[in-house]
Amino acid sequence: MPLDTVTPFTPLASTLGGILIGLSAVMVMALFGRIAGISGITTGALPLRREDWDWRLAFVLGLVAAPIVALLVTGESIRQTVPDDLPMMAVAGLLVGAGTVLGSGCTSGHGVCGLARLSSRSLVAVLTFMAFAGVTVIVLRHAI
Amino acid sequence: MRLVLGFASGLLFGLGLILAGMSNPAKVLNFLDVFGTFDPSLAFVMGGAAVTTFIGYRLAWRRKAPFILSDFQIPTRNDVDAPLLTGAALFGIGWGIGGFCPGPAWTALALAAPGTLVFLPAMLAGMAIATILKNRKPALA
């Protein structure tokens, strides 16, 4: 993809989408008493050691089904632009997977749920991954 | 019932990501590109989600236990240690390269873009490798 693909600013849709994400996180807490961190739910979705893997697997399947349901409801397919440098995407995936396990969370676990709990540990994690992500984008787009 | 509700929670999360535009890596990368094609939308996603969760958690915690499982399991640690910082840094670099964090990677799967089909298995492999290393070296845990 051209790296400078412009995307429109969507404050209303993004706020509403954020509220749905928050409602999901609240559902997970009210029903299961757990943090809705997608990295933790993903690693906990296999019947290895952790208990309660079954609802986590169902949650992941719900995530996977979302674009299909959105298509059925709205009749519109979802527009997205995914970077197509495949070796770089493999590196990105490895870093995201390893980093979220090592750092005990991602955008949802630390970002949404951690900040909602007013966790200082999560705040440090969020500031760290935002800073590294921002610098990475700026270096890849403007410095190289 | 717990499987239906687990699925419904994931579906709601995924629909939120799609409505918010977060399932589109280009939008995420533009949020991070403050010196280029900056798109501040994701700040509104995070804000809407965190405020909703902040309020909803406090309502949920009025009960002694959740509806389905027997107890609330909420992280108690407040220390900032090396694995937290290293992990967040690695995650940030990967997020900045691919524009995907774990949730949007799952919601993008069915759209089957080549980049997604490479990213998602690599992410699962990274999670598996880090889990094995974490369990092998207690110092990292």
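Residues numbered from 1 in each chain as written. Chains lettered and ligands numbered in written order. Predicted model: local features only at pLDDT ≥ 70, side-chain atom pairs only at ≥ 80, totals over all residues. Heavy atoms only, no water.

- As named in an unreviewed UniProt entry, chain B is YeeE/YedE family protein, taken from Fulvimarina pelagi HTCC2506.

- Regarding chain A, the UniProt comment filed under Subcellular location (unreviewed entry) reads as follows: "Cell inner membrane".
- Here chain A is described in UniProt, under the heading Sequence similarities (unreviewed entry), as follows: "Belongs to the TsuA/YedE (TC 9.B.102) family." (UniProt positions renumbered as here; feature names shortened; annotations may be inferred.)

1. Here we look at the overall build of chain B
And then number 1: A count of helical and extended segments in chain B gives 6 helices and 0 strands.
And then number 2: Projected onto the principal axes, the alpha-carbon positions of chain B cover approximately 50 × 40 × 30 Å.
And then number 3: Counting over 141 residues, chain B shows a buried share of 52%.
And then number 4: Once local pairs closer than 6 in sequence are excluded, the contacts in chain B between residues at least 24 apart make up 38%.
And then number 5: Of the roughly 6100 Å² of accessible surface on chain B, 72% is carried by carbon and sulfur atoms.
And then number 6: Charged side chains in chain B number 10 positive and 5 negative. The centres of these two groups are separated by 12 Å. (Helix = DSSP H or I, 4+ residues; strand = E, 2+ residues; numbered from the N terminus. Buried < 20%, exposed > 50% of the residue type's maximum accessible area, 1.4 Å probe, protein only. Contact = heavy atoms within 4.5 Å. Areas by Shrake-Rupley, 256 points an atom, 1.4 Å probe, with all protein chains shown as cover. Lys, Arg positive; Asp, Glu negative; His and termini not counted. Charge placed at Lys NZ, Arg CZ, Asp CG, Glu CD.)

2. Details of the packing of aromatic side chains
And then number 1: For the structure on display, the rule yields 9 aromatic pairs over all chains.
And then number 2: Taking the centre distance of 4.3 Å and the plane angle of 5 degrees together, the rings of F32 of chain A and W55 of chain A count as stacked. Taken together, the residues F32 of chain A in helix α1 (residues 11-32) and W55 of chain A in helix α3 (residues 53-74) connect sequence positions 23 residues apart. W55 of chain A matches F32 of chain A in its accessibility class, with the two residues each being buried.
And then number 3: A centroid spacing of 5.3 Å and a plane angle of 50 degrees characterise the contact between F100 of chain B and F119 of chain B, whose relative ring orientation is tilted. One end of the pair, F100 of chain B, is in the loop between α4 (82-98) and α5 (102-108); the other, F119 of chain B, is in helix α6 (residues 114-136), with 19 residues separating them in the sequence. Neither residue differs from the other here; F100 of chain B and F119 of chain B are each classed as buried.
And then number 4: Taking NZ or CZ as reference, R58 of chain B lies 3.8 Å from the ring centre of F54 of chain B, over its face.
And then number 5: Geometry around F67 of chain B places R63 of chain B over its ring, the cationic atom sitting 3.7 Å from the centre. (Phe/Tyr/Trp six-rings, centres within 6.5 Å; stacked < 30°, edge-to-face > 60°. Lys NZ or Arg CZ within 6 Å of the ring centre and 35° of its normal.)

3. A few points about the pattern of salt bridges
And then number 1: Within the structure shown, the criterion is met by 9 salt bridges over all chains.
And then number 2: If you follow the salt bridges from partner to partner, you end up with R34, D52 and D54 of chain A together with R2 and D71 of chain B in one network. (Salt bridge = Lys/Arg side-chain N within 4 Å of Asp/Glu carboxyl O.)

4. Considerations on the interface of chain B and chain A
And then number 1: Facing 108 residues of chain B, the contacting portion of chain A comprises 105 residues.
And then number 2: In total, about 9400 Å² of surface goes out of reach between chain B and chain A, with carbon and sulfur atoms giving 75% of it.
And then number 3: Contact with chain A buries surface across chain B, with F13, Y57 and I97 of chain B losing the most and accounting together for 8% of the total.
And then number 4: At the surface where chain B touches chain A, the tally comes to 5 salt bridges.
And then number 5: Among the secondary structure elements, those contributing two or more residues to the side of chain B that touches chain A are α1 (2-20), α2 (25-32), α3 (41-60), α4, α5 and α6 of chain B.
And then number 6: With 18 residues, α1 of chain B is the largest single contributor of residues to the side of chain B that touches chain A.
And then number 7: In terms of residue class, the side of chain B that touches chain A is made up of 68 nonpolar, 30 polar and 10 charged. (Buried area = accessible area lost by both parts, 1.4 Å probe. Nonpolar A, V, L, I, M, F, W, Y, C, P; charged D, E, K, R; others polar.)

5. Quick look at the UniProt feature "transmembrane region" (unreviewed entry) in chain A
Residue and element names in this part refer to chain A.
And then number 1: UniProt's entry tags residues 12-32, 53-74, 86-106 and 118-140 with the feature "transmembrane region" (unreviewed entry), counted in the numbering of this structure.
And then number 2: What you have in residues 12-32 is 100% helix and 0% strand, and the ends, taken at the C-alpha atoms, are 30 Å apart.
And then number 3: Along residues 53-74, the helical share is 100% and the strand share 0%, with 32 Å between the first and last C-alpha atoms.

6. Description of the nonpolar core
And then number 1: With 64 residues, the main nonpolar core has Y57, W95, W106, F119 and M123 of chain B as its most contacted residues.
And then number 2: Of all the elements, α1 of chain A adds the most residues to this core, at 8 residues.
And then number 3: Residues in contact with M123 of chain B, not counting those within four places in the same chain, are G93, L94, V96 and G97 of chain A together with P102, A105 and W106 of chain B.
And then number 4: Counting residues in hydrophobic clusters, the runner-up holds 6 residues, among them A70 and I78 of chain A together with L11 and I18 of chain B. (Core = buried A, V, L, I, M, F, W, Y, C linked by side-chain atoms within 4.5 Å.)

7. Description of α3 of chain A
And then number 1: When the terminal C-alpha atoms of α3 of chain A are compared, their 32 Å separation across 22 residues agrees well with the 32 Å that a helix rising 1.5 Å per residue should span.
And then number 2: Largest kink in α3 of chain A: about 40 degrees, centred on A65 of chain A, with the proline P67 of chain A one to four residues after it.
And then number 3: Three or more residues of α3 of chain A are buried, namely W55, R56, A58, F59, V60, G62, L63, V64, A65, A66, P67 and A70 of chain A.
And then number 4: Its buried side turned inward, α3 of chain A meets α1 and α2 (38-43) of chain A together with α1 and α5 of chain B.
And then number 5: Immediately downstream of α3 of chain A, the backbone of G75 of chain A shows phi near 75 degrees, a positive value. (Expected span 1.5 Å × (residues − 1). Bend = angle between axes of the 7 residues up to and from the residue.)

8. Structural notes on the environment of L71 of chain A
And then number 1: Residue position: L71 of chain A is located in helix α3.
And then number 2: Judged by its relative accessible area of 39%, L71 of chain A falls in the partly exposed class.

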